Amino acid sequence: MLKLTDDGAKITLQGQPQVLDNGLFWFGAALLVGAVAVALAMSLLPVRWSIGALALLIIGSFIFNRQRQNHKKAMSGQISSGILWVRCNELVHDNQGKRAHIHLADGDIITLEGEQLQIMDVNHIRKYHISGFDNEKEAQATKAILQGQTLNKRHVTIKMSND
């Protein structure tokens with residue numbers, strides 16, 4: 001839903017919130033089982049085998065953290081739910097109480113793909129992907145405001161009272 005403000009617009013995005021990757025969950029669960037297996041191995045097996053099992057657990061933990069960081073990095077530019085406060089060259093994304101202030105650089109490129117908006121830097125590397133607009137007009141209005149154009153209300157609802 002789009003509401004015009006004095007210096008821009010307030011847009012409520014209706015998209016689905018970001019979900020965690022199931023693969024990371026299962027890999028984390030496997031690491032937990034591995035930790036229990038290593039503890040059991042340290043008490044039952046010879047020292048060399050125990051050290052080998054512990055080394056495998058450490059390597060698995062390292063791989064898990066690397067994958068989790070890559071997943072976070074890939075999802076950081078995805079905006080699909082929450083409230084967007086849009087002004088010229090600036091966005092404020094409010095998602096469940098967490099606010100992210102996004103300032104656009106002079107060379108940033110804003111493209112519209114249906115009901116989705118992409119913001120890319122000068123080298124055409126995607127910085128943000130915004131989806132969850134109610135319709136294409138909201139996405140067009142967001143792009144126009146970000147580029148510094150002003151919007152006017154075309155239709156005003158007038159209520160008449162019987163006196």
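This text follows the structure it describes.
Residues numbered from 1 in each chain as written. Predicted model: local features only at pLDDT ≥ 70, side-chain atom pairs only at ≥ 80, totals over all residues. Heavy atoms only, no water.

Novice: Pulling in residues and values, what's your account of the sheet that holds strand β6 (residues 98-103)?
Specialist: In sheet architecture, strand pairing relies on hydrogen bonds along the backbone and comes in two forms, parallel and antiparallel. One open sheet holds the 5 strands; their spatial order is β1-β2-β4-β5-β6, and the pairing between them is antiparallel. Sheet topology places β1 (2-4) and β6 at the edges, where each strand pairs with a single neighbour. Neighbour-to-neighbour, the strand axes of the sheet open up by a mean angle of 15 degrees, direction not taken into account. Relative to strand β4 (residues 81-87), strand β2 (residues 9-14) is paired through 6 bridges, and the arrangement is antiparallel. By the bridge assignment for β4, Ile11 is matched with Leu84. Each of β1, β2, β4 and β5 (90-95) touches helix α3 (residues 136-146); the most contacted strand, β4, lies at about 40 degrees to it. (Pairing = 2+ DSSP bridges. Helix = DSSP H or I, 4+ residues; strand = E, 2+ residues; numbered from the N terminus. Axes fitted to C-alpha atoms, helices over the stretch in contact; angles between N-to-C directions. Contact = heavy atoms within 4.5 Å.)

Novice: Give me the pattern of salt bridges: which residues, what numbers.
Specialist: The final tally for this structure, using the stated rule, is 3 salt bridges. One salt bridge connects Arg87 with Glu90, and the closest N-O pair in it is separated by 3.3 Å. In this structure, Lys127 and Asp108 form a salt bridge, with 2.8 Å as the shortest nitrogen-oxygen distance. On the criterion of sequence distance, the pair formed by Lys127 in strand β9 (residues 126-130) and Asp108 in the loop between β6 and β7 (109-113) is long-range, its members being 19 residues apart. Assessed through its relative accessible area of 15%, Asp108 is described here as buried. (Salt bridge = Lys/Arg side-chain N within 4 Å of Asp/Glu carboxyl O. Buried < 20%, exposed > 50% of the residue type's maximum accessible area, 1.4 Å probe, protein only.)

Novice: Give me the sheet that holds strand β8 (residues 116-120): which residues, what numbers.
Specialist: Ordered in space as β3-β9-β8-β7, the 4 strands form an open sheet in which the pairing is mixed. Bordering the open sheet on either side are β3 (78-79) and β7, each of which pairs with just one other strand. Judged from the 5 bridges that link them, β7 and β8 form a sheet pairing that is antiparallel. Considered in β8, the bridge of Ile110 is made with Ile119.

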